[in-house]
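Structure assessment
Spelled out, the chains give:
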Amino acid sequence: MTGVPEARGIDGWGRIGPGLTCRIRETGTIALRDLPPGAVARIGFTEVVADDTGSVSLRPADDESLHGHVGIVDLVVDGVAAGEIELVPHKMSEAAYRVLRADLQRVWTDLVFADDGATTVAAGLPPACDLWRRIDRPLMQILDQPSTRVEVAVEPRHLERVRQQRELTPAVVRAGQRRRPALTRTLRWSTDTPENELCTATLHLLRNHASRDPAAGDLVRTIDRALGHPALPTNRRPLRRITWGMRSDPRYRQVLAVHQVLNRPELEATEGPGELRLGVPALTRLYEYWVFLQVLVTASQRYGPPEGDGFAQLATPVRGNRKRLEIERGTTVTFPGPIHIAFEPDINTRGDGWMGIEYVPHPDPSRQQFGATPDVAVLDLSGGDGSPAMLIVDAKYVGREFVEHDAARVHEKYARMRLGGVPLVRNVLVAHPHPNLGRQWAGYGHFPLTPGDPYNHVPLPPVRRAPTPPPSTEPTVPADVPAAREPKTFSDLHRMYDP
């Protein structure tokens with residue numbers, strides 16, 4: 001016993017206290033020790049009482065409010081803040097991660113490559129499983145007996161193993177006298193042929209297509225095993241020409257037919273974002289990317305195609321024909337209106353950040369902060385009267401019990417902003433992954449955005465237009481009634497007053 005409260009996280013036991021965070025896997029157990037006996041520890045919305053030794057144990061997977069929750073929850077002991085517990089996604093979130101990853105890459109390629117910016121690119125492609133069935137047997141036959149060619153190579157040779165006259169060089173003779181090998185030019189059979197490169201390119205395209213389907217995980221793993229076969233070249237060069245061997249050999253002809261179906265630029269563009277390398281632990285960050293893309297999809301449907309660079313700034317070209325998904329902080333897409341939609345814009349109290357917006361701190365000193373970086377900011381400058389308006393959308397991959405709490409906290413954090421001295425935040429919304437859970441309060445609320453749900457929709461405001469001028473109050477003369485003529489002479493006046 002150290003006398004200082006500690007929590008057991010991924011890295012072992014560590015001290016807890018205000019401002020400190022303990023990372024624990026969602027499938028693990030929250031363990032606290034060295035608390036006062038009988039102390040009430042509140043983890044999120046769950047209260048547990050310390051035993052006689054000052055220990056507390058709670059398994060999030062078995063708790064009603066913590067089950068399925070990832071992210072940070074508050075730790076309070078006897079009413080006093082004692083730090084934070086970060087529940088890290090683990091095996092429980094694997095299925096949700098696969099769905100989110102597939103939908104993230106699908107929506108991204110739809111935006112970057114589709115002509116209208118919001119259609120489903122893969123709609124015209126057959127399912128990946130059907131394409132795999134077409135090349136499964138021919139590919140196995142190719143791996144058993146791949147096409148080969150003879151190439152010149154430099155290899156070490158012992159004098160007694162020399163079989164060709166060209167291999168018998170002075171260096172080999174001198175090394176043989178010392179019973180050592182020497183490098184010499186020789187001929188060897190190689191599977192590095194255009195036909196086998198076709199197989200490699202086709203498998204990569206098919207793998208990218210299958211990765212967009214969360215139910216095709218087994219197929220992705222099967223393709224990975226096939227790509228690791230020594231008969232296939234490891235390079236990923238695109239197919240540049242069709243050889244006679246691809247047309248004449250029925251095995252390669254089947255692979256070529258599938259390659260022609262999959263030969264689309266969007267299937268080459270599957271790299272990134274970088275957080276994908278982290279796997280399931282990056283679930284919450286990938287959800288933030290995905291929510292931003294969903295806002296862009298809804299905006300393109302409501303406001304029309306983007307202006308300027310548009311969706312092209314969501315991707316960075318890399319080697320070959322591929323692109324990498326990179327959404328940097330402050331990335332802004334402009335739609336007609338103009339309406340500016342930004343990812344994690346920097347807004348500070350000086351007003352020199354994104355779009356010149358000024359952040360106004362909370363009047364309560366205990367709640368003050370001097371800057372904000374919301375996940376998504378929608379700045380509407382389409383009002384005819386010149387008054388700006390802004391919608392904030394913050395992505396929260398949290399449990400159902402935490403949605404209302406986070407919505408109120410996010411509203412307090414992002415509601416106080418102004419542009420040119422005019423308050424502009426009209427609504428602050430939290431996007432969460434739980435279907436059929438949405439509510440709108442005065443100025444804030446929350447709505448569901450569930451990965452894989454084809455009916456997702458973001459409640460963006462309509463474009464504001466210039467107000468219609470009020471009708472004139474001056475009397476008008478009907479067209480069929482002659483207008484009264486002004487008197488021009490003394491006689492006219494005399495007739496008006498003395499008939």
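Keep in mind the model is a prediction, meaning the values are calculated, not measured.

Right, let's get into the overall build of the chain. Scanning the chain from N- to C-terminus turns up 11 helices and 25 strands. When each of the 499 residues of the chain is scored for burial, the buried share is 45%. Of the roughly 26700 Å² of accessible surface on the chain, a fraction of 51% belongs to carbon and sulfur atoms.

What follows deals with the sheet that holds strand β23 (residues 425–432). Sheet strands line up and pair through hydrogen bonds in the backbone, either parallel or antiparallel. Read from one edge of the open sheet, seven strands run β14-β15-β19-β20-β23-β25-β24, paired in mixed fashion. The open sheet terminates on both sides in strands that have one partner only, identified here as β14 (332–335) and β24 (439–440). Bridge count for strand β15 (residues 339–343) against strand β19 (residues 376–380) is five bridges, and the pairing is antiparallel. Paired with Phe343 across the bridge in β19 is Val376.

What follows deals with the side chain of Thr334. Mapped onto the fold, Thr334 is located in strand β14. Only 3.0 Å separates the side chain of Thr334 from the side chain of His340, close enough to count as a polar contact. Not counting the four nearest positions on each side in its chain, Thr334 is found in contact with Pro306, Glu307, Ile339 and His340.

On average, the chain scores 81 in pLDDT, and the residues at 70 or more come to 83%. Scored below 50 in pLDDT, residues 115–123 makes 15 contacts in the model with residues more than four places away or belonging to other chains. The model gives residues 475–479 a pLDDT under 50, and that stretch makes zero contacts with residues more than four places away or in other chains.

Time to look at helix α4 (residues 194–210). Between its first and last C-alpha atoms α4 spans 24 Å; for 17 residues at 1.5 Å apiece the expected length is 24 Å, and the two agree. Across the 17 residues that make up α4, a large majority, 15, are buried.

Across the seven residues that make up strand β20 (residues 389–395), a large majority, seven, are buried. By the alternation rule, side chains of β20 split into Ala389, Leu391, Val393 and Ala395 and Met390, Ile392 and Asp394, which are all buried. As paired elements, β19 and β20 share five bridges and run antiparallel to each other. Each bridged residue has a counterpart across the sheet, and for Val378 the counterpart in β20 is Leu391. With six bridges joining them, β20 and β23 adopt parallel strand pairing. Its bridge partner lying in β23, Met390 is registered against Val425.

Attention now moves to the nonpolar core. In this structure, Tyr287, Phe292, Leu293, Leu296, Leu314, Phe335 and Ile341 are the most contacted members of the largest nonpolar core, which totals 45 residues. Taken together, the elements giving at least two residues each to this core come down to α1 (94–113), α9 (283–303), β14, β15, β19, β20 and β23. Not counting chain neighbours up to four residues away, the residues in contact with Ile341 comprise Phe292, Val295, Leu296, Ala299, Thr331, Thr332, Val333, Phe335, Val376, Ala377 and Val378. Counting 28 residues, the second-largest nonpolar core is a separate cluster that includes Leu131, Ile142, Ala226 and Val255.

With that settled, consider the packing of aromatic side chains. Under the counting rule described, the total for this entry stands at seven aromatic pairs. Centre to centre, the rings of Phe45 and Phe402 are 4.9 Å apart; their planes meet at 55°, and the pair counts as tilted. In this pair, Phe45 is assigned in the loop between β5 (40–43) and β6 (46–49) and Phe402 in helix α10 (residues 400–414), connecting sequence segments 357 residues apart. For Phe45, a relative accessible area of 42% translates into the label partly exposed. Look at Phe402 and you get buried, because its relative accessible area is 5%.

Rules and cut-offs
- Here the residue numbering is sequential within each chain, running from 1 through the sequence in written order.
- Only residues with pLDDT of at least 70 get local features here, since the model is predicted, and only at 80 or more are side-chain atom pairs given and counted; chain-wide, interface and lining totals rely on the full set of residues.
- As a rule here, side-chain values cover all heavy atoms of the structure and leave hydrogens and water aside.
- Think of it this way: any DSSP run of H or I at least four residues long counts as a helix, any run of E at least two long counts as a strand, and we number them from the N terminus.
- Buried residues are those whose accessible area, probed at 1.4 Å on protein chains only, stays under 20% of the maximum for their type, while exposed residues exceed 50% and partly exposed ones sit between those limits.
- We get accessible surface area from the Shrake-Rupley algorithm with a probe of 1.4 Å; when it comes to residues, only the shown protein chains can shield them.
- Strand pairing is assigned whenever DSSP detects at least two bridges linking the two strands.
- Under the rule applied, a polar contact is a pair of N or O atoms within 3.5 Å (in protein, one hydrogen donor and one hydrogen acceptor; residues adjacent in sequence only if both atoms are side-chain atoms).
- Contacts between residues were defined by any pair of non-hydrogen atoms, one from each residue, lying within 4.5 Å.
- The predictor rates its confidence in each residue with pLDDT, a number between 0 and 100.
- Take the number of residues in a helix, subtract one, and multiply by 1.5 Å to get its expected span.
- Buried Ala, Val, Leu, Ile, Met, Phe, Trp, Tyr and Cys residues form a nonpolar core when they are joined through side-chain atoms within 4.5 Å.
- Between the rings of Phe, Tyr and Trp (Trp by its six-membered ring), a pair exists once the centres lie within 6.5 Å; its type follows the angle of the planes, with under 30 degrees stacked, over 60 edge-to-face, and the other angles tilted.

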